[in-house]
Amino acid sequence: MNYSSLIIAVLILLGGAYLLGRNRARAIASQGMRLHSLPTHYGALMALWTGLPPLLLLLIWGLAEAPVIDHLLIAQLPEAIQQGSSSDIQLAISKVHNLAIGSGISAAPELEPAVRHLIELQERTLLLHSGMVLSLALLGIALTWRRIKADMRARTEVESIVRRLLFASSGVAVLTTLGILASVLYEAWQFFGKVSPFEFLFGTTWSPQVALRADQSGSSGSFGAVPLFAGTLLISLIAMFIAVPVGLMAAIYLSEYATPTIRQYAKPALEILAGIPTVVYGFFAALTVAPVIRELGESMGLTVSSESALAAGLVMGIMIIPFVSSLSDDVINAVPQSLRDGSYGLGATKSETVKEVVIPAALPGIVGAIMLAVSRAIGETMIVAMAAGLAANLTANPLDSVTTVTVQIVTLLVGDQEFDSPKTLAAFALGLVLFLVTLALNFVALKVVQKYREQYD
Amino acid sequence: MTNTSLSTREKVEKSMVRRRAAEKRFRTYGMASVLFGLLCLVGLFGDIINKGASAFRQTVIQTEILIDADFLGINKKADDQEIRNADFEGLIKQHFKAMVQPQGRGERRQLYSMISAGAAWQLQEAVIADPSLLGKKLSVNLIADDDVDQWFKHDRGTELHNNRMSETQVKWLEQWIDQDMLKTQFNTLFFVNGDSREPELAGIRGAITGTFLTLLVTFLLSFPIGVAAAIYLEEFAPRNKITEFVEININNLAAVPSITFGLLGLAIFINIFGVARSTPLVGGLVLTLMTLPTIIISGRAAIKAVPPSIREAAFGLGASKMQVVFHHVLPLALPGMLTGTIIGMAQALGETAPLLMIGMVAFVVDVPGFINDPSTVLPVQIFLWSDSPERAFMERTSGAIMVLLGFLVTMNTAAVMLRRRLERRW
């Protein structure tokens, strides 16, 4: 049985178990005995013991099957391949898989034993895990059936299982963080085994094209990431140059000056900007803004790259306006009215109050909002992938083409990869830097915003 | 001390001119900022609609063509396979050759290139649906090639026309227009076809199905896990270091760049656990991890909004903690949680970057049938098309963006309506 039908079978058994448990409890109760819990609790308990262990097994099995089978297959490969590099082994394994499902690859006699072994393994594991899953479910029914008695504390047990399930769910977020860290750290560690971290962090040439074959002459690839960091910084800077003044002034206008009606419509309208998919911004930047900037620049006698940093930065700035404005709006609204009243009482005008009292009082929160926006700009991928170039120029000229960390991650990882080439691993090293930088920014920003909120609560 | 001739009052009054001007300036800056934001919004939408509206119309060549059974070498009893093998392309070529009589090979090639490769398929399907058409004259709207389509919709009568069309081709086209043969019709293929290398045959059905399957996986995983996590953190979690750590984690994950989730998906789901690449399954897994923080955060807010009196009343009637939560708090918080989930799903719908890492950029022609078929999603399709050199693809990209934005608007409106209708004020 395949996964979907197994899951359905388990779910049917689970439903049956619920009814069975409930009816058994009712039968006990009808004999005049006082149950500890409601009959539905007995049903729920039986359902939990019927469903959970098999589904858990199925999950673990599903995750472990592919790596285990591949590991077993390696032993069946010809000596020559086993001695070879890990990419050769990977290639042979995927060939074996293709041969086993009979997709049109010309037969390779030397792989024949492995293919036969694979087909046999697949048949055997299918039988084995279907059998195990179903018998585990039936075992759950049988054991719980025997345990159901009048004085059994079914509710307590159900509740403690559910509580654990809830706890496990909240742990998924932690596992995700760990997963991200583990994946980028592990691959980055391998990368730094081939390229020194010093060269990566401080080198100024980035050309990740490694020779495809070992005997090929030509570029060996150089992995100095400074141009990428500089490009990321340049584009983010342009974006913040748009987003911070516009976002901040919009927030001030909406919270201090606008009538409730204007606020009611303008605020959600601005927030639409944050909801538009980034791929749409990317398209807009690459096909509308970039040509306009190019023509404008050329009419002024400047040379503008058709993938200028300015176009990507401008559009990214537009995207970030609502992040700055709605977060700043929150913190400006949190400034107590009494501070404003005090300022008006001293004869200050509205704008003077805003500039001299409200903004300084809200400053930590605004800084936090800007940091969150910077982290958003650094991590933004699609706009730069579509509108910024691939050329790793080390320049501060916004009309030139630059590349960013995220663009390089995308270009290095899209398409087929070999997992032991420094080219692929470099993407993970870049990912590590990106993750750490944004994590630090977010962490500090969230702390600042939180602390600030408490101050006036 | 002061040897100025002005009193304080006069000084203040004099400065008021400047101060009022500053006040006015400041206010104008604010208004200009809001207007700038709104203008960008309008500009963006206007630009997309301006570019993409024509994607929903397709140029066709209306003609009456003889389904010549002898030329095709099939008879009325032919089965579907025989009809599929018949040379409909040759039939169409012959038909147009007889119509415009091109001189020499060059002109013939130019003529044939004006009709889409999909035209033969159109005839073939018509004959399969109704084999009695064989030997009869059939009036059909044959799909024109994308260059003809672009010329007819945009370039005709403008200066920059024949950069793709030769003068001979333009001459034939003008003739056809005079005979009322060239028209545009609603572009059905755009909605029923999968991706294609030919712009006039490329459609978004594959991408929409892929998006639907991916979001289905995302919803099935992220909604239960997100709700459970929100319940735990809000109702059960003890106030200690571990809980605080989990909370910080969730808040940070909500702000981590989406591309890092792609790295996780590639390194862990694909490379370690061997989940198949390019499938809605792995896409859904990655998007689940990405949307979970949003769902958890909004879920917690919804639970927090349920007043303590409800809980106390339930406790007073002897309910256990679990019963209080599942029988009383959860039903009241559910509308708010659903709203948050829809917003999270809308985010997942527009997400592109992490899906690029896990192979959803593959060129997939077939419409995926299940969560383990190779597929792509709408935003990635937009990314792929925007990279294509053909001009017709630019139009289609904008058309696909309009469809994507349409979905997003629908989802967000649904969220707002749900909130208005179901959320209670305590």
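Keep in mind that this is a model prediction, so the values were computed, not measured.

Peer 1: I keep staring at the overall build of chain B and nothing clicks. Help me out?
Peer 2: A tally of regular secondary structure across chain B gives 18 helices and three strands. Here the C-alpha radius of gyration of chain B, 31 Å, is well above what a compact globule of 426 residues would show, namely 22 Å. Taking the principal axes of its C-alpha atoms as reference, chain B extends roughly 100 × 80 × 40 Å. Taken across its 426 residues, chain B has 43% of its residues classed as buried. Counting contacts in chain B only where the partners sit at least 6 residues apart, residues at least 24 apart contribute 76% of the total.

Peer 1: Help me understand the environment of Pro78 of chain A in this model?
Peer 2: Within the secondary structure layout, Pro78 of chain A lies in the loop between α2 (39-74) and α3 (79-83). Note on Pro78 of chain A: 16 C-beta atoms within 10 Å, which makes it partly exposed.

Peer 1: I keep staring at helix α17 (residues 378-386) of chain B and nothing clicks. Help me out?
Peer 2: For an α-helix the count is 3.6 residues per turn, leaving residues at separations of three or four pointing the same way. α17 of chain B sits mainly inside the fold: nine of its nine residues count as buried. Residues of α17 of chain B that are buried make contact with α10 (278-299) and α14 (382-387) of chain A together with α10 (205-236), α15 (321-350), α16 (353-357) and α18 (391-422) of chain B.

Peer 1: Looking at this model, I keep getting lost on unusual backbone geometry. Mind explaining?
Peer 2: The phi angle of most residues is negative, glycine excepted, and most peptide bonds adopt the trans form. Residue and element names in this part refer to chain B. Its identity is not glycine, yet Asp180 carries a phi of approximately 65°, on the positive side. Its 8 C-beta neighbours within 10 Å are what place Asp180 among the exposed residues. Of note, Ser278 is a non-glycine position whose phi angle comes to about 60°, a positive value. Counting through the fold element by element, Ser278 comes out in the loop between α12 (258-270) and α13 (280-304). Judged by the 22 C-beta atoms lying within 10 Å of it, Ser278 is buried.

Peer 1: Would you explain the nonpolar core in this entry?
Peer 2: Most often, soluble globular proteins keep nonpolar side chains buried together rather than apart. Counting 186 residues, the largest nonpolar core has Ala285, Ala312, Val315, Val324, Ala373, Ile383 and Ala387 of chain A as the members making the most contacts within it. When residues in this core are grouped by element, the largest group, 17 residues, is from helix α8 (residues 226-257) of chain A. Aside from chain neighbours lying at most four places away, what touches Val324 of chain A is Ala243, Val244, Gly247, Leu248, Ala369, Ile370 and Ala373 of chain A. With 27 residues, the next largest nonpolar core counts Phe96, Leu123, Leu134 and Trp176 of chain B among its residues.

Calculation notes
Residues numbered from 1 in each chain as written. Chains lettered and ligands numbered in written order. Predicted model: local features only at pLDDT ≥ 70, side-chain atom pairs only at ≥ 80, totals over all residues. Helix = DSSP H or I, 4+ residues; strand = E, 2+ residues; numbered from the N terminus. Rg over C-alpha atoms; globule rule 2.2 N^0.38 Å. Buried ≥ 20, exposed ≤ 12 C-beta atoms within 10 Å, placed from the backbone. Contact = placed C-beta atoms within 7 Å. Core = buried A, V, L, I, M, F, W, Y, C linked by C-beta atoms within 7 Å.

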